[in-house]
Amino acid sequence: MFFLIKEFDGSQLSLYYECFSDSNWRYNFGVLVKNFDVDQYLSRVALTKYESVRRLLLFDRSKPIGFCHIQMFDPPSRRCIISGGVKPNLIGTGIGVYVACIVIDYIFRKLNMNKICCKVYSFNSRSIRLLSKIGFTLEGTAREHEYNEITGKFVDVHFFGLLYREYPNEFVKKILEKTKYEYAEK
């Protein structure tokens, strides 16, 4: 398999629309509101420039398949928080494992991070399994941390972390052996 990673430059906004227009995808991604405006959300999240955020698009050859946001925190600690996903029609196909492994490889090797963090809602069992497979450690759970307008209940949020010295595990090594990726410089 061959993947291409590109910096988001405002193009391929259709990928974001496809993801965030799908209510099931959006729900698992963490948009827990009843009245959701895709345009407003994307203008705030994808189109606003933040110095501390890198937005990546992921391609399987030339087809866009997913995205990742990397928020850099505390440069001396070389720590970042990631979020992202693959297109709704690719969920459950196994492609997410490949995408997650190459994104993490990119973050550790190209961005020289020491720690990658992410948060996952307790009901998102697919993401929890994926993170565990690729070596993330559950570092804690914030109980009833966010309010879910859709269900009218509070949601627990799990916080995961992966250190550079813990990477890659045997599972990730096997995935990376079968996968090639390239970073497209601007």
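Check the entry above for the structure.
Owing to the predicted nature of the structure, the values given are computational and were not obtained by experimental measurement.

Student: Any chance you could explain helix α1 (residues 13–20) here in plain terms?
Tutor: Every α-helix winds through 3.6 residues per turn, so residues three or four apart in the chain are directed the same way. Along α1, the residues classified as buried are Leu13, Leu15, Tyr16, Cys19 and Phe20. The buried side chains of α1 occupy one side of the element, clustering within an arc of 155° when seen end-on.

Student: Would you take a moment to explain the nonpolar core for this structure?
Tutor: Inside soluble globular proteins, nonpolar side chains tend to come together where they are buried. Ranked by size, the top nonpolar core spans 39 residues in total, and within it Ile70, Ile82, Ile107 and Phe136 carry the most contacts. Among residues more than four places away in sequence, those in contact with isoleucine 70 are Ser52, Val53, Arg54, Leu56, Cys80, Ile81, Ile82, Tyr106, Ile107 and Leu111. Grouped together as the second largest cluster of nonpolar side chains are 17 residues, Leu4, Leu13, Val38 and Leu57 included.

Student: What should I look at first to understand the packing of aromatic side chains in this one?
Tutor: Overall, the coordinates contain 15 aromatic pairs when judged by the stated rule. Judged by centre distance (5.0 Å) and plane angle (75°), the rings of phenylalanine 20 and tryptophan 25 are edge-to-face. Relative accessible area serves as the criterion here: at 1%, phenylalanine 20 is assigned to the buried category. Three or more aromatic residues link up through ring pairs in this structure, and these residues are Phe8, Tyr16, Phe20, Trp25, Phe36, Tyr41 and Phe67. Here the guanidinium or amino end of lysine 6 rests over the ring plane of phenylalanine 59, the centre of that ring lying 4.8 Å away.

Student: Hey, could you run me through the pairing of strand β1 (residues 2–7) in this one?
Tutor: In summary, the side chains of a regular strand alternate between the two faces of the sheet. Pairing geometry for β1 and strand β8 (residues 180–184), over five bridges, is parallel. Across the sheet, phenylalanine 3 pairs through a bridge with tyrosine 181, a residue of β8.

Student: Just checking my understanding: could you explain the side chain of asparagine 148 for this structure?
Tutor: Residue position: asparagine 148 is located in strand β6 (residues 137–148). From its side chain, asparagine 148 meets the backbone nitrogen of threonine 151 in a polar contact 3.2 Å long.

Student: Any chance you could explain the pattern of salt bridges here in plain terms?
Tutor: For side chains of opposite charge, pairing can occur when their charged atoms come near one another. Under the definition given, this model contains seven salt bridges. Aspartate 105 is the salt-bridge partner of arginine 109, the closest N and O atoms lying 2.5 Å from each other. Taken together, the residues span about one helical turn, with arginine 109 and aspartate 105 both in helix α4 (residues 95–109) at a distance of four residues. Taking relative accessible area as the criterion, arginine 109 reaches 52% and is therefore assigned exposed. In this structure aspartate 105 comes out as buried when scored by relative accessible area, which is 6%.

Student: What am I meant to see in unusual backbone geometry here?
Tutor: Peptide bonds are trans in most cases, and residues, glycine excluded, mostly fall at negative phi. Following tyrosine 167, the chain continues to proline 168 via a peptide bond in cis, the omega torsion being -10°. One can find proline 168 in the loop between β7 (153–163) and α6 (170–177). Residues other than glycine seldom take positive phi values, yet arginine 78 does so here, at roughly 50°. With respect to the helices, strands and loops of the structure, arginine 78 is situated in the loop between β3 (63–73) and β4 (79–86).

Rules behind the numbers
Residues numbered from 1 in each chain as written. Predicted model: local features only at pLDDT ≥ 70, side-chain atom pairs only at ≥ 80, totals over all residues. Heavy atoms only, no water. Buried < 20%, exposed > 50% of the residue type's maximum accessible area, 1.4 Å probe, protein only. Helix = DSSP H or I, 4+ residues; strand = E, 2+ residues; numbered from the N terminus. Arc of directions from axis to C-beta. Core = buried A, V, L, I, M, F, W, Y, C linked by side-chain atoms within 4.5 Å. Contact = heavy atoms within 4.5 Å. Phe/Tyr/Trp six-rings, centres within 6.5 Å; stacked < 30°, edge-to-face > 60°. Lys NZ or Arg CZ within 6 Å of the ring centre and 35° of its normal. Pairing = 2+ DSSP bridges. Polar contact = N/O pair within 3.5 Å; in protein donor to acceptor, adjacent residues only side chain to side chain. Salt bridge = Lys/Arg side-chain N within 4 Å of Asp/Glu carboxyl O.

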